[in-house]
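Inside the fold
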Amino acid sequence: MTTFTNFTDAYAGAFERGSDRVASLDEPEFRLFMRTVELVVQAGAFSRPRLQAALGITAESSRHLTHLLEQVGVISMGDAEHSRAVLVTIDHLPVLLTRLLITRETVPALSAVA
């Protein structure tokens, strides 16, 4: 079972560096980012072109999401067009999503995140 302590021990540094950026997203961007985190962690693999195709978003949006994923420690840093390692395990996903929600001044309705 994943606890908050397990999560913070493994990902605290990267998460703290990126959480301000996530907190500044507007509501539609935040919902898209939350969905992206879920998809990437559940897939266990990441590449920007696949993200763009899976979500039907622009290249600019996929670049922005990739940068955010790197900043919060979901994926490794790397070459823009190549696959990246996913650094968050599926066991840590619920805790990560909760931490991301906590960065918001107002928490969106759960139906809006899904």
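Just so we're clear, the structure is a prediction, and the values are computed from it rather than from any experiment.

1. Focus on the overall build of the chain
In terms of helices and strands, the chain carries six helices and zero strands. Evaluated residue by residue, the chain yields a buried proportion of 43% over its 114 residues. Residue pairs in contact within the chain that sit at least 24 positions apart in sequence constitute 67% of those at least 6 positions apart. Of the roughly 6,200 Å² of accessible surface on the chain, 55% is carried by carbon and sulfur atoms.

2. Some points on helix α5 (residues 93–102)
Within α5, seven of the 10 residues are buried, which leaves the element mostly enclosed by the surrounding structure. When we look at burial in α5, the residues that qualify are L93, V95, L96, L97, R99, L100 and L101.

3. A look at the packing of helix α3 (residues 48–55) against helix α4 (residues 59–71)
Axis separation between α3 and α4 bottoms out at 9 Å; the angle between their running directions is 120°. Accordingly, the angle class assigned to the pair α3 and α4 is oblique. Seen along the crossing, α3 lies across α4 with a hand that is right-handed. Residues R48, L51, Q52 and L55 of α3 touch α4, and the partners they reach there are A59, S62, R63, L65 and T66. Looking at the contact of α3 with α4 residue by residue, the classes come out as four nonpolar, three polar and two charged.

4. What about the nonpolar core?
Among the nonpolar cores identified, the biggest contains 24 residues, and F33, V37, L69, V74 and L100 are the most heavily contacted of them. Residue assignment for this core shows that the elements contributing at least two residues are α2 (27–43), α4 and α5. If one sorts the elements of this core by residue count, α2 sits on top with six residues. Ignoring any residue separated from it by four or fewer positions in sequence, one finds V37 in contact with L69, V74, L93, L96, L97 and L100.

5. What to know about the confidence of the model for the chain
For residues with low pLDDT, the predicted coordinates do not support detailed interpretation. On average, residues of the chain carry a pLDDT of 81, and 75% of them reach 70 or more. Taken element by element, the chain is modelled with least confidence in helix α6 (residues 110–113), mean pLDDT 52, and with most confidence in α2, mean pLDDT 94.

6. Some remarks on the packing of α2 against α5
Between two packed helices, the angle of one axis relative to the other and the distance separating the axes together describe the packing. Relative orientation of the contacting elements α2 and α5 amounts to 165°, with a least axis distance of 11 Å. In terms of orientation, α2 and α5 fall into the roughly antiparallel class. Considering how the two elements wind past one another, α2 and α5 form a crossing that is right-handed. Residues F30, F33, M34, V37, E38, V41 and Q42 of α2 form the contact with α5, whose participating residues are L93, L96, L97, L100 and L101. Within the contact of α2 with α5, the residues separate by chemical class into 10 nonpolar, one polar and one charged.

About the thresholds
- Residue positions are given per chain, counting from 1 as you read along its sequence in written order.
- Local features in this predicted model are restricted to residues whose pLDDT is 70 or higher, and side-chain atom pairs enter the listing and the counts only when it is 80 or higher, whereas totals over whole chains, interfaces and linings include all residues.
- Side-chain metrics rest on all non-hydrogen atoms present in the structure, leaving aside hydrogens and water.
- Counting from the N terminus, the helices are the DSSP runs of H or I reaching at least four residues and the strands are the DSSP runs of E reaching at least two.
- Using a 1.4 Å probe on the protein chains alone, a residue whose accessible area is under 20% of its type maximum counts as buried, one over 50% counts as exposed, and one in between counts as partly exposed.
- Any two residues whose heavy atoms approach within 4.5 Å are treated as being in contact.
- Per-residue and other accessible areas were derived by the Shrake-Rupley procedure at a 1.4 Å probe size, with only the shown protein chains allowed to occlude residues.
- Convention adopted: a line fitted to C-alpha atoms gives each axis, helices being fitted over their contacting stretch, and angles between N-to-C directions are expressed from 0 to 180 degrees.
- Roughly parallel here means an angle under 35 degrees, roughly antiparallel means over 145, roughly perpendicular means 65 to 115, and every remaining angle is called oblique.
- We call a crossing left-handed when the near helix sits turned anticlockwise from the far one by less than a right angle, and right-handed when that turn is clockwise.
- Under this grouping Gly is polar, as are all residues other than the nonpolar Ala, Val, Leu, Ile, Met, Phe, Trp, Tyr, Cys and Pro and the charged Asp, Glu, Lys and Arg.
- Side-chain atoms within 4.5 Å link the members of a nonpolar core, which is a set of buried Ala, Val, Leu, Ile, Met, Phe, Trp, Tyr and Cys residues.
- Scored between 0 and 100, pLDDT is the confidence that the predictor attaches to each residue.

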